[in-house]
Amino acid sequence: MPEFPDDLADCTGFQWDAGNSGKNWERHHVTQGETEQVFFNRPVRVAPAKEVQRERRYAALGQSSAGRLLTVVFTIRGTLVRPISARDMSRRERRLDEPET
């Protein structure tokens, strides 16, 4: 996938907004821990997502340590990953995430 954010490799942690964290649990039953695991488990694919209010956003397709396939929309603020939403991958996203043969 194109345009992997170079500054993602320099990130040192996560920045959580209380509203986003609660929303992810209420709407999609995804915990903060599961969301963060997507960035550490391989494979993970990252692509640009829609820009909102001049803030570049990305979508990470990956899996939790329990194997749950998740899509995480995030932005990068300084050296922190700021998750915006996390949910189960759609059928289309699962096809995109399949390894190429």
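For the structure, see preceding data.
Residues numbered from 1 in each chain as written. Predicted model: local features only at pLDDT ≥ 70, side-chain atom pairs only at ≥ 80, totals over all residues. Heavy atoms only, no water.

Let's talk about the overall build of the chain
Per the secondary structure count, the chain includes 3 helices and 5 strands. Against the 2.2 N^0.38 benchmark of 13 Å for 101 residues, the chain shows a C-alpha radius of gyration of 13 Å, consistent with a compact globule. Taking the principal axes of its C-alpha atoms as reference, the chain extends roughly 35 × 30 × 25 Å. Burial statistics for the chain: of 101 residues in total, 38% are counted as buried. Pairs at least 24 apart in sequence give 50% of the contacts found in the chain among residues at least 6 apart. Of the roughly 6400 Å² of accessible surface on the chain, a fraction of 46% belongs to carbon and sulfur atoms. For the chain, the separation between the mean place of its 16 positive charges and that of its 15 negative charges on side chains is 6 Å. (Helix = DSSP H or I, 4+ residues; strand = E, 2+ residues; numbered from the N terminus. Rg over C-alpha atoms; globule rule 2.2 N^0.38 Å. Buried < 20%, exposed > 50% of the residue type's maximum accessible area, 1.4 Å probe, protein only. Contact = heavy atoms within 4.5 Å. Areas by Shrake-Rupley, 256 points an atom, 1.4 Å probe, with all protein chains shown as cover. Lys, Arg positive; Asp, Glu negative; His and termini not counted. Charge placed at Lys NZ, Arg CZ, Asp CG, Glu CD.)

What about the pairing of strand 5 (residues 80-88)?
As defined by bridge partners, strand 1 (residues 13-14) adjoins strand 5 across 2 bridges and the pair is classed as parallel. In the sheet register, F14 faces strand 5, and the bridge partner there is V81. Bridging between strand 4 (residues 69-77) and strand 5 involves 8 bridges; their strand directions are antiparallel. Along strand 5, the bridge assignment pairs I76 with V81. The antiparallel hairpin formed by strand 4 and strand 5 contains 2 residues in its connecting segment, where G78 sits at a positive phi of about 65 degrees. (Pairing = 2+ DSSP bridges.)

Observations concerning the sheet that holds strand 4
Ordered in space as 1-5-4-3-2, the 5 strands form an open sheet in which the pairing is mixed. Among the strands making up the open sheet, the edge pair consists of strand 1 and strand 2 (45-48). Of the strands in this sheet, strand 1, strand 3 (58-63), strand 4 and strand 5 are in contact with helix 2 (residues 32-40), which crosses strand 4 at around 85 degrees. (Axes fitted to C-alpha atoms, helices over the stretch in contact; angles between N-to-C directions.)

A short note on the pattern of salt bridges
Applying the stated criterion to the full structure yields 6 salt bridges. A salt bridge links R82 to D17, with the nearest nitrogen and oxygen atoms 3.2 Å apart. Of this pair, R82 sits in strand 5 while D17 sits in the loop between strand 1 and helix 1 (18-28), and the two are 65 residues apart along the sequence. We classify D17 as partly exposed; its relative accessible area is 27%. Between R68 and D88 there is a salt bridge, and its shortest N-O distance comes to 2.7 Å. Residue R68 is found in the loop between strand 3 and strand 4, and its partner D88 is found in strand 5; the two are separated by 20 residues along the sequence. (Salt bridge = Lys/Arg side-chain N within 4 Å of Asp/Glu carboxyl O.)

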